[in-house]
Every structure is written in structure tokens, then in C-alpha cells.
Amino acid sequence: MEAAADRLSLPRSGWSSGRFDMLAISGGAAGGAYGAGALVGLTEAGARPEFALVTGVSTGALIAPFAFLGATWDERLADAYVGGHAADLLSLRRLASTFTGGLFQGEALDGLIHPFVDEALIDAVGAEHARGRRLLVATTDLDSQRSCIWDMGAIASHGGEPAVGLFREVLAASASLPGLFPPRRIPCEVDGDKFEEMHVDGGVAAPLFLMPEGLLRWNRLGRRLHRGRVHVLVNTVLEPEPRTTAPNVAAVLTRSFDAMLRFSYRQALGTATTFCAAQGLPISVASIPDAPDQGGMLSFDTATMQRLFDAARERARAGELWRSPVAERQGLQGLMDRLRPRG
């Protein structure tokens, strides 16, 4: 089992803080501005751990390298999300002119990734990987209909342009929301046979993940996670938004898609909370608060993304970013026990 764990890239504890901090960053498209602001705010508050394990899905995959590398990369992270690049590259004039499998051209997503993921970043990720830290990103393999977990540190360790190219391509695949961006074809080779796999947004399979599924079932996992703490950044609103739905196809489809996403995120968070409770791990969760001016997940205008960024930054600086779903669940159970009839 030790060898299997090593192949799945579980980092070893023993950081300078004496703790084993894990960070899972969810999808959420434009809502990623909230996660970016949260990390910057934690830095400014002096409350940002050095995460031993960082995982990312979709827009969370784009944030993950900067979360992994730490505070010195905050300026680049902020520029990526509130520098106006998304508003420019995802404008109506960037719509795909022919059917490519997505509303926008794949080059638009590349334009959001390539300037910020360069050889310097790859070298830095590789150096941290050599220290024993782990950066994992999820895509969805449409051919096998399975989630695919990529060890980004292992990719970065190869260095040079091939590593930069594959690193960028995996991030783009993880963020390629079906219908919005075309899928990514990633060349593969098995036993001398070359072929291509079609990968799309990691959120198709799971909106967030703590670690590879094989590790979650490992019966010796608890010992390796001694003194661990789990942090989850959810780049969307989790609470239901009651309102009347207009009786037309567009409104019903949009509302149904939004409801499906909120159910999916709450279910994924519930699964993570149950796992942490079973392992005795404290879990802290941050999500976008429900407010009328927060915009939707496809609101890529700079003003809306700046509001999300600033809201998370201020909550982090004020020490109000995190909540504990385990404590909330225990509190609710305690209330139910007190209300239960006696005798």
C-alpha cells in the first residue's frame, strides 16, 4: 500500500507549521474571482497556510498553481482574474465562427492561461514538487467517461517547453466547460500505440475533490493525515435562490442548469464533509455569499469579477472567510436532539 500511495502522489507531512494543510478549489467559471480574492486576502491577513496538497477543478484548476506557490504570486493571480482579460477575450466578438464544440474559440481560453503560466511558473511548481508538496488538477475524459487526475508537479518536473505546453493544455482542458469552450484532445501513447483522448471540464465528473479516489479508500490514510486540516474554496453560491421562473424555454433551461449546479456543489461538499468527519479532520469552507449584485457564473465583465474579488478579499482580511460545516451539522443535530420528545 505504501507504493500505491506514492504513485497517487500523497505528500508527506512535516511542514514548518507542523500541520498538514490541504486546499480544494472548486469550479465556478467567473466565480473564480472570489477564490482569487480570498487567497490574496488571506495573504494580507497573515492567515494563509503553506498547503501541502492543492487540488483544482475548472476555474479552480486555473487558481490552483498560484494557491500552491504562495503569496509571491498573488499579483499575477489578481491580474489574471481582475485585470480585464476575461472581459476582452470572452466578449461577443470572440464567438466561434464555425461549429467547434463550444460557444467561444479555444484560443480565447488559451489567451487567459498562456500569459500567466510560463516557464518561470513551471520551474517554481517543479521545485515545490521536489520538496514533497503536491498539486493536482482534474479533467473529465469523455472517451472513458471518467475523471482524470493530473499530477501537475510531476509534469512541471520535466521542465522546458514540452512541460509548459502540457501544463497549459491540462489547465485548459479542466476549464473547458462543455458548450462554452471546445474539448481538448490530448495525445497519449500506450504500449507504442498513439491516440488522442478528448478531455473537458473536470466539473463534469466532480465540482471539487480532496484527493484521488484511490486514497480516499486507503485504510491507512488517517495516519498519513495526522494533524491535517482541510480548506475548501467554493467559487459559486451554494444557497438556493427562490424566484419565479419565466415560462419560456431559455428561462427554464437556464434555471434548471443553475439548480443542477447548486445541487451538485452541495452534494460534493457534503461528501467532503462526511469524509473529514470520519477521518477526524477539521474542514473549513468558503463560498460566495448570496447577494443580488454577485452576478452569474458566466458574468465575465470586469466590474462584476472585481466585486467578487473584493468581497472575498475583505472577508479574508476580517477573518470572516471560513465556516465549519461539521460544526454547523453538529449544532443542528444538537438542536434536533433537544426538540425530540422524551420518554
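First things first, this report covers the structure right here in the doc. Computed from a prediction, not measured in an experiment: that's the story for all the values here.

### Considering the pairing of strand β7 (residues 228-234)
Most of β7 sits inside the fold, with 6 of its 7 residues counted as buried. The pairing of strand β1 (residues 20-25) with β7 spans 6 bridges and is classified as parallel. Directly across from L23, in β7, lies its bridge partner H231. Examined bridge by bridge, β7 and strand β8 (residues 283-287) share 5 bridges and lie parallel to one another. Residue V230 lies in a different strand from β8, and its bridge partner there is I283.

### Re the packing of helix α3 (residues 59-69) against helix α9 (residues 160-174)
Axis angle and axis distance: for two packed helices, these are the angle between their axes and the distance between the axes, and together they describe the pair. Closest axis-to-axis distance for the α3/α9 pair is 6 Å, and the angle between their directions is 140°. Classified by the angle between their axes, α3 and α9 sit oblique to one another. Residue-level contacts link A61, L62 and P65 of α3 to F167, L171 and S174 of α9.

### Here's the deal with the packing of aromatic side chains
How two aromatic rings sit relative to each other is given by the distance of their centres and the angle of their planes. Taken as a whole and judged by the stated rule, the model has 0 aromatic pairs. We note R133 situated over the ring of F68; from NZ or CZ to the ring centre the distance is 4.3 Å. In this structure, R266 packs its charged tip against the face of F263, placed 4.8 Å from the ring centre.

### A look at the side chain of D110
Following the sequence through the fold, D110 ends up in helix α6 (residues 106-113). Among the residues examined, D110 registers a relative accessible area of 17% and is labelled buried. Excluding its chain neighbours within four sequence positions, the residues that come into contact with D110 are P115, A172 and R184.

### Describing unusual backbone geometry
Generally, phi is negative for residues other than glycine and the peptide bonds are trans, each holding for most cases. The backbone phi angle of A29 is positive, close to 55°, even though this residue is not glycine. With respect to the helices, strands and loops of the structure, A29 is situated in the loop between β1 and α2 (32-45). Taking the relative accessible area as the measure of exposure, A29 reaches 17% and is therefore buried. With a phi close to 60°, S58 is a non-glycine residue in the positive phi region. Residue placement: S58 occurs in the loop between β2 (53-57) and α3. Overall, S58 belongs to the buried group, its relative accessible area being 7%.

### A look at the nonpolar core
The biggest cluster of nonpolar side chains holds 70 residues, and the ones touching the most others in it are V54, Y81, L121, M152, F167 and L171. Every residue in contact with Y81, bar those within four places of it in the chain, is listed here: G32, A33, A36, T59, L62, I63 and M305. Within the second largest apolar cluster, 27 residues are counted, among which are A24, L136, L281 and I283.

Definitions and limits used
- Starting from 1, residues in each chain are numbered consecutively following that chain's sequence as written.
- Note on the predicted model: pLDDT of at least 70 is required for a residue's local features to be given, and 80 or more for side-chain atom pairs to be given and counted; whole-chain, interface and lining totals, by contrast, use all residues.
- Computation of side-chain values: all heavy atoms of the structure, hydrogens and water removed.
- Working definition: with a 1.4 Å probe on protein chains only, accessible area under 20% of the residue-type maximum means buried, over 50% means exposed, and in between means partly exposed.
- Secondary structure elements are defined from DSSP: runs of H or I of at least 4 residues count as helices, runs of E of at least 2 residues count as strands, and each element is numbered from the N terminus.
- The pairing criterion is simple: DSSP has to find at least two bridges between the two strands.
- Each axis is a line fitted through C-alpha atoms, taken for helices only over the stretch in contact, and angles between the N-to-C directions span 0 to 180 degrees.
- The cut-offs work like this: below 35 degrees is roughly parallel, past 145 is roughly antiparallel, 65 to 115 is roughly perpendicular, and the gaps in between are oblique.
- Pairs of residues are marked as contacts when any of their non-hydrogen atoms sit within 4.5 Å.
- Paired rings are identified among Phe, Tyr and Trp, the last through its six-membered ring, by centres lying within 6.5 Å, and are further divided according to the angle between planes into stacked (under 30 degrees), edge-to-face (over 60) and tilted (the rest).
- Two thresholds decide whether a charge sits over a ring: the Lys NZ or Arg CZ must be within 6 Å of the ring centre and within 35 degrees of the ring normal.
- We define a nonpolar core as any set of buried Ala, Val, Leu, Ile, Met, Phe, Trp, Tyr and Cys residues linked to one another through side-chain atoms lying within 4.5 Å.

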